[in-house]
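A closer look at the structure
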Amino acid sequence: MSAALRSPWPLALAAAVAALLAALVGTLMALLGAQLACMGGGGSAGPAPSRSALGEIPAARLRIYQAAGRRFDLSWPFLASIGTQECGTSGTCAGVNASGCAGPMQIAYVRKSPCSPGSGPTLWERFAVDGNGDGTKDVNELADAIFTAARILRQNLGAPPAGGSYAAYRQAACRYYGACADAVANYADEVMARAVRYGFGRRSAAAEAPQQAAVQGPACEGSALGGASGQAIVRIAERQLGREERPPGSNCTPYGPCEEWCSLFLAWVWEHAGVPMRGGTAPYAYSGSIYEWARAHGGRILLPGATPAPGDAVLFGWGPSASEHVAIVERVFPGGEITTIDGNYANRVARVGPYPPSLDVLGGEPAPVYAYAQPPGVGAAEGSVNG
């Protein structure tokens, strides 16, 4: 051993440098924590969990779905949706049901039962996995059941690798249930709609990180602004221009459930700009709900003849109970014409106009303007009607 290494001074100096680096890293992490969170942090494969997934699935259970997805190269949001369909988000469904299926993933367990009609080995017997590494395989243990279901889906039921098509995963859901739909459940469509809410169809967290400013980053932008602003709403909406349903005709988008989505898009943009819309976008699937929400939460309802502001919702139809469509005001011209950014316009996010609001149908909108809705905190406009 050298004299230098025996001396306490180099060791003390190294310790001091290490402490300084730790302090600097800690400070940097504190400063950048929000930005790193916005980039979807974590090292799990597949898409980052959506707000719906984080809000509905207990964290430990969510990690098991992600781990099983990694191990068997399967979409974890799809696997999580199957699990939710079979046993909810927090139940165990322990034991064997009357049909011969068992556990939280309701896997075929009893021979010569409705779940496993033949006399040969059941799916559990053929594919059981020790998911938690305790040396046993228990159909009622959460990790064992989820890992086994992932293996069954990939190796027996034709589920494609992670990133596979909506149609292929839907067909795997049909096979898991034994039918796409019956008198009990529209199984496959329910599974796929929930999978999309959980993050199915989004790019992996690692691949998506450089694009966060275009898709998920706006949530951070809104919070950085300390609340909603018309300019933030418009910027976020503009970044979505051209996004389409995937697959075409499915009504499936990142903005909410697989259903008509003009209002889901608007709610998503408002929320990402900092408008405090609780419960995700699903409660706002009907365009008239935007009118009602703004009126009930301190926003402003503007008459059709009023001058809207960028970021306002423009509502088309004959009133909140007969609402046909909703869009976001992008720009108001000196002559009164407006351009709008519309979700679900020919199955994509599109810019429409400029057009005079009184002639919006000629501009391509489906019905007359019946109101504008301004989110709380954005600012006042003429012709407001509250209460």
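About the cut-offs
- Residues numbered from 1 in each chain as written.
- Predicted model: local features only at pLDDT ≥ 70, side-chain atom pairs only at ≥ 80, totals over all residues.
- Heavy atoms only, no water.
- Phe/Tyr/Trp six-rings, centres within 6.5 Å; stacked < 30°, edge-to-face > 60°.
- Helix = DSSP H or I, 4+ residues; strand = E, 2+ residues; numbered from the N terminus.
- Buried < 20%, exposed > 50% of the residue type's maximum accessible area, 1.4 Å probe, protein only.
- Axes fitted to C-alpha atoms, helices over the stretch in contact; angles between N-to-C directions.
- Parallel < 35°, antiparallel > 145°, perpendicular 65-115°, else oblique.
- Left-handed = near helix turned anticlockwise from the far one by under 90°.
- Contact = heavy atoms within 4.5 Å.
- Nonpolar A, V, L, I, M, F, W, Y, C, P; charged D, E, K, R; others polar.
- Salt bridge = Lys/Arg side-chain N within 4 Å of Asp/Glu carboxyl O.

To continue, consider the packing of aromatic side chains. Here the structure, examined in full by the defined rule, presents 11 aromatic pairs. Seen in terms of ring centroids, Tyr109 and Trp124 are 6.4 Å apart; in terms of plane orientation they differ by 55°. Their pairing is tilted. Placement of the pair is Tyr109 in the loop between strand S2 (107-108) and helix H6 (123-127) and Trp124 in helix H6, with a sequence separation of 15 residues. Taking relative accessible area as the criterion, Trp124 reaches 8% and is therefore assigned buried. With a centroid separation of 6.1 Å and an interplanar angle of 40°, the aromatic rings of Tyr291 and Tyr370 are classed as tilted.

Here we take up the packing of helix H8 (residues 166-177) against helix H9 (residues 187-198). Where H8 meets H9, the axes come as close as 9 Å, and the angle between the chain directions of the two elements is 130°. Regarding the angle of H8 to H9, the classification is oblique. Every pair of crossing elements has a handedness; the one defined by H8 and H9 is right-handed. Counted together, Tyr166, Tyr169, Arg170, Ala173, Cys174, Tyr176 and Tyr177 of H8 and Tyr187, Ala188, Asp189, Val191, Met192 and Val196 of H9 form the full contact between these two elements.

Below, the discussion takes up the packing of helix H4 (residues 59-72) against helix H7 (residues 142-155). Packing of H4 against H7 brings their axes to within 9 Å, and their N-to-C directions diverge by 35°. The interaxial crossing formed by H4 with H7 has right-handed handedness. Residues Arg61, Ile64, Tyr65, Ala67, Ala68, Arg71 and Phe72 of H4 form the contact with H7, whose participating residues are Leu142, Ala143, Ile146, Phe147, Ala150, Arg151, Arg154 and Gln155. For the contact of H4 with H7, the class distribution of residues is 10 nonpolar, 1 polar and 4 charged.

Moving on: the pattern of salt bridges. Side chains that differ in charge, positive against negative, can pair when their charged atoms come close. Counted by the stated rule, this structure contains 6 salt bridges. In this structure, the salt-bridge partner of Arg197 is Glu56, at a minimum N-O distance of 2.6 Å. Placement of the pair is Arg197 in helix H9 and Glu56 in helix H3 (residues 51-56), with a sequence separation of 141 residues.

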